[in-house]
Structure formats: C-alpha cells, structure tokens
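# Survey of secondary and tertiary structure
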Amino acid sequence: MSEQAALAVEEVVAGYGGVLALQSVSITARPATITAVLGANGAGKTTLLRAISGVIRPRRGRVLVGGQEMTGRSAEDMARAGVAHVPEGQGVIAELTVQENLRLGAFWRRGRGTRAAALAEAYQRFPVLAGARNRAAGTLSGGERQMLVIARALMARPRVLLLDEPSLGLAPKIVSQVMELTAGLRETGLTVLLVEQNARSALSIADQGIVLSLGRVVAAADAAALAADVGLRKHYLGF
Amino acid sequence: MTEFRELTLGGISVGMIYAAIALSLVLIWRATRILNYAQGGMAMFTTYIALLVINHTGSYWAGFAVALASGLVLGGVIERLVIRPAENKPPLNAIIITIGLLVFLEGLAGILYGGQFRSFPAAFSITGLHVGSAALGVSANDVFVAVAVLAAALLLAAGFRYTSAGLQLRASAFSPPVARLLGVRVGRMLTLGWALAGLIGALAGVLVSPSTFLYPNSMDSIFVLGFTAAVIGGLDSPAGAVAGGLILGVALSYVGGYLGSDLVPLFGLAALAVVLMVRPSGLFSPAATRQV
Amino acid sequence: MTLVRHVATAAVLAVLLVIISSTVSPFRDYQMAEVACYVVAVAGLTVLVGLSGQISLGNGAFMAIGAYAAALLLLHLHWPLAVVLVAALAVAAAGGAVVGVAAARLRGPYLAGATLILAVALPSLALRYGLLGGDQGLTVVINSPGFLGPSFSLTRWQAWLTCGCALITLVLLANLARSRVGRSWRAARDDEVAAALAGLNVARLRVLAFVVSAACAGLAGALLAVTTSIVSPGAFTVTLSIGLLTAAVLGGLGTLPGAVWGSLVLVLVPTYVTDVASSHGLSSSVGSNIPVAAYGVVLVVVMLTFPDGIQGGVHRLSRPLASRLPAWPGAPRRRPPGPQFRAPASEHQEEGSL
C-alpha cells in the first residue's frame, strides 16, 4: 500500500479550445510527499492541476489517485473523492464568512460529528481563523486568506492537495509562513502538488520536483538535485 | 387619519406582492445572473393550474398547495431544459429566451384557458376588519397576504443561512468555479434556485389574482412593479427586495389615494427611472465598484 | 470601394423589389411595405445591440415618436412627405439623444429596465393629450405621387417608398458599421476599459449609437404610419419593442442581412400560423393565441440551437462561397458578438481562461 503512488499522472494531454497547454506530462507522487511543479508563466502548471482536479478534461492520458482511475471525472466528483484543489488567487468566497467558507469544505462529508470535529480541528490548527470566524472572508489579509483556503481544503480530509501559487501576492515573511505550513502537511500523510513561480521556496520544502516548459516535462528529479543544478535553475527557474 | 392608515396598510399588503416577485427575481439573478422576464408569466400559469384544481375539488387550499408545488416544478424544469443550455452563451440570449418563455406561456394560457378575465377566490374574507366599531382599513385577506409573503421570505432567509443546501446555493451563486472545486453540484443548485423562485412567484400569483382577475396578461404590470421593487432594493439583495416592495407598495398606495389612481403607473415608472439614474445598484446593496 | 459596392448591391436589390412588387397582389405589396418598415427599425436596433453592445427594450417608443411626429406634420402642416420623413427621423433622433445621455451609465439589466420604462410610459402619454388623438389615435392618408400617374396603386407606392427607404438605411448603416465609428463601437463593446484607455470617448459613442437606432426607429414609425394609415397608442406597445429586439437577435445580432431575416419572420410568421390554425377550424381565441405561443417557441428554440441567428446559419452554410461575396459588417466571428454583462467581483475567471 505504501508503495502505491498516491497520485499518478500518465502522459496527460490537455488544453483549451485549439491550444494544447500540456503535451504528454507524467508525474508520480508517493503518499506524504511534496512535489514541486515549476516553470515559467504559461508552461502549463495551472493546466496540469486543472487536468488532475477535473476542472478540464484531459484529451489523452490517465489520472490515478491511490491506484484508482479517475480520469475525466468532474471537479465536484474529484473533490468528493479526496482531491482538493486550491486555485490560483486563493478562491476565497468573499461574501461568505470565514466559518461558512470552512463549512463549505466539508459539507458533503457524512456525519454531523465528523463535520463538527473537522471544524474544531481547523480552528485549533489555525487560531487566526478562529478569531475571525464570523468576519466576511473578503476582509481577510492576503496571508490569512491563503490560510483559510488551505484550511478549507483540509476540511475534506483529502488524500491529495493541489496548491496553485500559494505565495502569489504575499509578503516574503508571510510566504515563508505559508511554506512552513505546507511542509507540515506532509506529517498527516497528505500528498501535495505545489505549483510555484517562487522556485527557491518551493524546492526548499519539496521532496521532488518537476520542471515544465511549454507543456512538457524538461526535468524531474528530487528537490535537492534540482536545486543544485545551476544550469537548469538559470534557464527555467530564474535563480 | 383613517384614510392614511387605510392607505398605509393597503400599501403594505400590495407591497408584499411586489416584494414576492422581486424576491424571485433576486434569487434567480444572484444564482444565474439572468433577469427572468418570464417570472410573471410563470406565476400566471401556476395560478391557472390552481384555479383548475379549485374548481375541480372545491377546496381553495388544495389549489393553493398545487400552485406552490407546480411553481417549484415549473421553475426547476425551465432551468434544466431551457436556461441551462444558455448559460454559457452571451447574456443577451438568456434575455431573449426568458422573453420567449413569457410569450409562450401567455399564448399557451390563451389557448388552454381562453382570454377572458376569470375571478380567482381569495383565501380569506375581503371585507374590512373592525376592532369594536372602528374600521381598521384592511381585510383578513390583506393580513394573510402580508403574513404569507413575510413567512416565505423568512423561511427562505433561514434556509439560506442555516442549512447546508442554503450554503451551497449561496456558494454556487457567488463563485461557481470555486464551489465546484469544493464538491458543490453547482448545476443542481441552480435548478434549486430557479425552483424556489418559481415557488415564490406562484405564491405571488395566487395572492394577487383575486384583485386583478386572472387572464393571460394579468401578471405583466405586477412583474414590472416587482422588477422596480427589485431594482430599488438592489438586484443582489433579498432583504432589499422585500424592503423595496414595501416602499413601492406604500408609496403607490399614497399616490393612488391622494393624487388619483391613473397616476399610479406613471409614478411607478418614474420611481424606477429615478433609482436607475441616481443609484442603479439599489438602496440596499453595497455601491457597485467602478471599473478604472 | 465599400460605398460603391454597397450602393451597387442596393441598386440591384431595388430593381428586384420593383419587379416583385409590380407582379404581386396588393396584399403582398402591403406586406412588403410592412416588412420594409420593420427592416428600418430592426436594422437600427441591431446596430445598437450588436455593434454597440447596449440593450434596448424601448425602441417601439421611438417608433411611436416618429409616427406621431409624421402624423401631426402631415395633418396640421401639410408638409411634403419627404420633408416629413426627415423631420420624424430628426425628432426621434433627438429623443434618442436624451435617452442615451440619461442611460449612459447603465449596463445590462438596468439598461434593459430603463428602456422598458420608456416603452411602457410613452404610449400612455398619448392618452393624456388630446392633440395626439387619445385612444383612437390619428388617421394619416397619403396619395401616390403625381409623377407616377393617377391610377398608380397606392399599396405599390407604399411598397416602393418603404423599400426604398429601407435600402437607403441599410446602405448608410453598412457604411457606418465599416467606418471608424463602427470599429470604435465594436471596440467599446468588447472591452470598455481598454477602449477608454485607448482614447475612445465611450460615453459619446454610446449616445451616438442610441441616436442612430432611435433615428431609424423614428423613420420606421413614420413609414409605418404612412403605410397603415393610423397612429394610435395600441400600435406601439411593449410587445412591439420586444418584437423588434427579437427580430434583431433572431436574424443575427449585429448583422444587417439579419435585420431583413428577422423582419420577415416578425411579419410573416404570425400571419402564417394564424392561417394554418383557422384552416384547421380552430376557434378564434385559440387561433389568435397559437401564433403567440408559436412565436415564443420559435424564440426559445432558435436561441438555444442557433444563437448566431439566421444570418449566422447562412454564413456557416455559405462559408465556401464567402471568399467570393462581399464581407458583411459584423458577420459572426468565433466569439458571438453581444453585450457582456459585468461578472460579479468575486467570481474567478477559472475555467476557460489561460
């Protein structure tokens, strides 16, 4: 069981209308690991996450979660099957309160007690959110919002967490807090796919990384190796 | 002084009808960003169905219940069959589609039931109520109208706030893509939204038809005033819809009572014009953010 | 040159229409005239909605303004017909300017609502002032002009007059759509912010579009007055305004041939359906409502299956030939033209955005 990949993406081809943003991408991630997905703007990183979470349907290829075939399922189904996707720009529903956003993360889970426990756990883990629970989510700061959407995603007790650019628009100090938080998620057995422009911070917490360019994988190795490859860094990652 | 009280109370009662239509429009607007021009037509149609049931069974309440149920079903069916395919098309298509629906429903009603004005029974007595020997200026039916709409609005508000379905509905209305990512079946929520709007519209239809009589075009002017109330309150605000309906109902009642009933339609339109010029986002929604 | 091509096409069509109208019955002539009146109104509206991206549910009111202006001028001042038509157009255009300025800040359903008020309120104004003939309205009678001979059929003259005006209108609008104004309208429609940043005066463009569509509607109203011989509030209801919009969308929003298709449907379908109904022996209340119900069905079904309207379908079918025909202004592109209502601020443009 522990050898089975928590998430396997096999030669997925996906795009929008006439444009193919992903041209045969494959990844494998084991449970309790963080995989950094890196590359320049337009490389296909967001498309990859969307193809996995069901927002768009892969044209070819397969997506397997925990060994189970999930290709082509709708986003709603994927969410209920344990794949949580935190989109770029966070996806806070500004008009709802913090608590309502959180409740939305687990509304489909069976058992009132389960849901209540998940909420309590979220507040325990993120005391800032507990303090703001009745405020409209739109009034939160950037860092607080990022925390909210991660907490909301965790409410569903997912197996796989897809994080799209969590550091976007955040001050450096907050970025390192978010990265620390993400690193901690590993302990719960979660498999994290972390899309980041900020390759340096991503690689600092990741176990492995892949680099996308124009929809293809140009490098896949463990994080330390990628960080050490100066040529690769300069060419694709900007540092 | 009695005239003032009469006009006020009467205005509140009528205003609740406008509020009900406004509420259905707001529900649909929030969920699907479409203005349902067929809302009045749908209400008219379900009222005809109620009339059929009443005439057949002799029971007003059976007809009432059937009206509400068919409003629910009609709303849901329309969303699923006619509106859903149009959701990804330019917004103008949806406007034309709802107008087409309106025209179709009115034509269909004319075919099935004929164009003549039909009387529709009131739930309760329409004679004025008295306390001792003093006339209150409203009838039992007026009170029922106000209470019924208020109860429906409060139930709806409670449902939105406290139930899981209500939360999902709101999430689907505010941010469909994010809601999907969280596992909300957005399509079903939209259908539910339309069904609820159909229910409230049907309620408005049976409540107002005793005084307007029932004929294929009977809900047209009610729709215009309901739309006005929705704009006054703000298309995004359910509470605003109710408030807008009350304000409009009472204001028009004063106009009719003190200035003459032929001025009422013009005044209603003037009110809409003023609100659109001065504060199009309505009195109760946060001022719309200006772009650039 | 575009102008030459448009005029040449119009000339060819004019000859065709003269031939047709000379050979058909007076009733068909009358129908041709009716269709032509609507073509003028619908063409103006399709420019407003399709090119400029503003919705109007009130162009019937501008038709009423033009019709009443024409009637009053003919009845009381006895001006020559040509002058009357221009005057009616001008009065309606002025009305369009007023509405355009008042509504300049409104978008989407708010604009629809504002123009709806116009459609509802204006006819009732006619009832208040005796000069306007009240409920009965005003009767307008014209004669076929002397130079055509004393026994020239009035209905044929009406057909020629209205079709001629329709062709002139179409040519002018076609040129306008191709001009810098037309391009500015489309730019402002597609992205108002970008257009403003690029230096376009968006508000003035919007008002101009209203003026143009109102002028067309006014001319159409005047022509309709002259064709049907009567001007009354009952002829200019909300149903008319909605019918105009429907015709524009049905025919293909933003396309001038679409105005022709839409007007044909608007005039001919109800008559056809009523004929079918009465030939099947259905009662009059059923019979008179069948076209209404059928109309609604047509609207819904066409919008669901052919959102680009009839002209969109024609365009798609004739694509192999397209390279040999003149390109119509505003012909459907990959992205359907149309006003884009503002999305709520919290909505993320997740799907479909790169």
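Residues numbered from 1 in each chain as written. Chains lettered and ligands numbered in written order. Predicted model: local features only at pLDDT ≥ 70, side-chain atom pairs only at ≥ 80, totals over all residues.

## Observations regarding the overall build of chain A
Within chain A, the secondary structure is distributed over 10 helices and 10 strands. The globule rule puts the C-alpha radius of gyration for 239 residues at 18 Å, and the 17 Å found for chain A is close to it. Considered along the principal axes of its C-alpha atoms, chain A spans approximately 45 × 40 × 40 Å. Of all 239 residues assigned to chain A, the portion counted as buried reaches 49%. Here the analysis covers contacts within chain A between residues at least 6 apart in sequence; of these, 68% occur between residues at least 24 apart. (Helix = DSSP H or I, 4+ residues; strand = E, 2+ residues; numbered from the N terminus. Rg over C-alpha atoms; globule rule 2.2 N^0.38 Å. Buried ≥ 20, exposed ≤ 12 C-beta atoms within 10 Å, placed from the backbone. Contact = placed C-beta atoms within 7 Å.)

## What about the overall build of chain C?
When you go through chain C residue by residue, the secondary structure sums to 14 helices and two strands. Counting the 354 residues in chain C, one finds 52% classified as buried. Taking the intrachain contacts of chain C between residues at least 6 apart in sequence as the baseline, contacts between residues at least 24 apart amount to 81%.

## Focus on the interface of chain B and chain A
Contacts between the two partners involve 14 residues from chain B and, on the opposite side, 17 residues from chain A. Listing elements by their share of the side of chain B that touches chain A, those giving two or more residues are helix H6 (164-174) and helix H7 (176-181) of chain B. Tallied by class, the residues present in the side of chain B that touches chain A amount to seven nonpolar, four polar and three charged. (Nonpolar A, V, L, I, M, F, W, Y, C, P; charged D, E, K, R; others polar.)

## What about the interface of chain C and chain B?
Residue-level contacts link 42 residues of chain C with 44 residues of chain B. Of all the secondary-structure elements, those providing two or more residues to the side of chain C that touches chain B are helix H5 (108-128), helix H8 (192-197), helix H10 (238-251) and helix H12 (284-305) of chain C. With 13 residues, the single largest contributor to the side of chain C that touches chain B is H12(C). For the side of chain C that touches chain B, the residue count by class is 30 nonpolar, nine polar and three charged.

## Some words on the sheet that holds strand E8 (residues 191-195) of chain A
Residue and element names in this part refer to chain A. Ordered in space as E6-E7-E8-E3-E9-E10, the six strands form an open sheet in which the pairing is mixed. Where the open sheet ends on each side, the last strands, each with one partner, are strand E6 (83-86) and strand E10 (216-222). Direction aside, neighbouring strands of the sheet carry axes that sit 15 degrees apart on average. In this sheet, E10 lies alongside strand E9 (residues 208-213) in antiparallel orientation, the contact comprising six bridges. Residue pairing across strands places Ile 210 opposite Ala 220, the latter belonging to E10. Along the sheet, helix H1 (residues 45-53) makes contact with strand E3 (34-38), E6, strand E7 (160-164), E8 and E9, crossing E7 at roughly 150 degrees. Most of the contacts of helix H10 (residues 230-237) go to E9, to which it runs at about 45 degrees, and overall it touches E3, E9 and E10. (Pairing = 2+ DSSP bridges. Axes fitted to C-alpha atoms, helices over the stretch in contact; angles between N-to-C directions.)

## Quick notes on the nonpolar core
Residues and elements named next belong to chain C. Val 40 and Ala 70 are the most contacted members of the largest nonpolar core, which has 307 residues in total. At 18 residues, helix H9 (residues 202-228) tops the list of elements feeding residues into this core. Beyond its immediate sequence surroundings of up to four residues, Val 40 is in contact with Cys 165, Ala 166, Thr 169, Cys 216, Leu 219, Ala 220 and Leu 223. (Core = buried A, V, L, I, M, F, W, Y, C linked by C-beta atoms within 7 Å.)

## Some remarks on the packing of helix H3 (residues 98-106) of chain A against helix H6 (residues 142-154) of chain A
Residues and elements named next belong to chain A. Where H3 meets H6, the axes come as close as 7 Å, and the angle between the chain directions of the two elements is 35 degrees. Of the two possible hands of crossing, H3 and H6 adopt the one that is right-handed. Contacts from Val 98, Asn 101, Leu 102, Leu 104 and Gly 105 in H3 reach Leu 148, Ala 151, Arg 152 and Ala 153 in H6. Each residue belonging to the contact of H3 with H6 can be placed in one class, and the counts come to six nonpolar, two polar and one charged. (Left-handed = near helix turned anticlockwise from the far one by under 90°.)

## Notes on the environment of C:Val47
All names here are of chain C. If you trace the backbone, Val 47 turns up in helix H2 (residues 26-51). Residues Val 47 and Val 83, spaced 36 residues apart in sequence, show a C-alpha to C-alpha distance of 25 Å. In contact with Val 47, other than residues within four places in its own chain, are Ser 52, Leu 173, Ala 177, Ala 209, Val 212 and Ser 213.

## As for the packing of helix H3 (residues 59-77) of chain C against helix H4 (residues 81-102) of chain C
Residue and element names in this part refer to chain C. Between H3 and H4, whose axes approach to 8 Å, the crossing angle comes to 140 degrees. Between H3 and H4, the crossing angle belongs to the class labelled oblique. In this structure, H3 meets H4 at a crossing whose hand is right-handed. Contacts between H3 and H4 involve Phe 62, Ile 65, Gly 66, Ala 69, Ala 70, Leu 73 and Leu 74 from the former and Val 84, Leu 85, Ala 87, Ala 88, Leu 89, Val 91, Ala 92, Gly 95 and Gly 96 from the latter. (Parallel < 35°, antiparallel > 145°, perpendicular 65-115°, else oblique.)

## Re the sheet that holds strand E2 (residues 19-29) of chain A
All names here are of chain A. Taken together, four strands build an open sheet; the order of strands is E2-E1-E4-E5 and the sheet is antiparallel. Looking at strand neighbours, the two that pair on one side only are E2 and strand E5 (68-69), the edges of this open sheet. Two elements, strand E1 (residues 7-16) and E2, share eight bridges in a ladder whose sense is antiparallel. Considered in E2, the bridge of Val 13 is made with Gln 23. Taken strand by strand, H1 contacts E1, E2 and strand E4 (60-65), and its axis lies near 70 degrees from that of E2.

## Looking at the confidence of the model for chain C
Residue and element names in this part refer to chain C. Per-residue confidence for chain C gives a mean pLDDT of 80, with 86% of residues at or over 70. Element-level pLDDT for chain C is lowest in helix H14 (residues 319-322), with a mean of 59, against a maximum mean of 93 in H9. The low-confidence segment residues 324-354 (pLDDT under 50) makes 63 contacts with residues lying over four places distant or belonging to another chain. ipTM for the predicted complex: 0.91, alongside a pTM of 0.83. (pLDDT = per-residue confidence, 0-100.)

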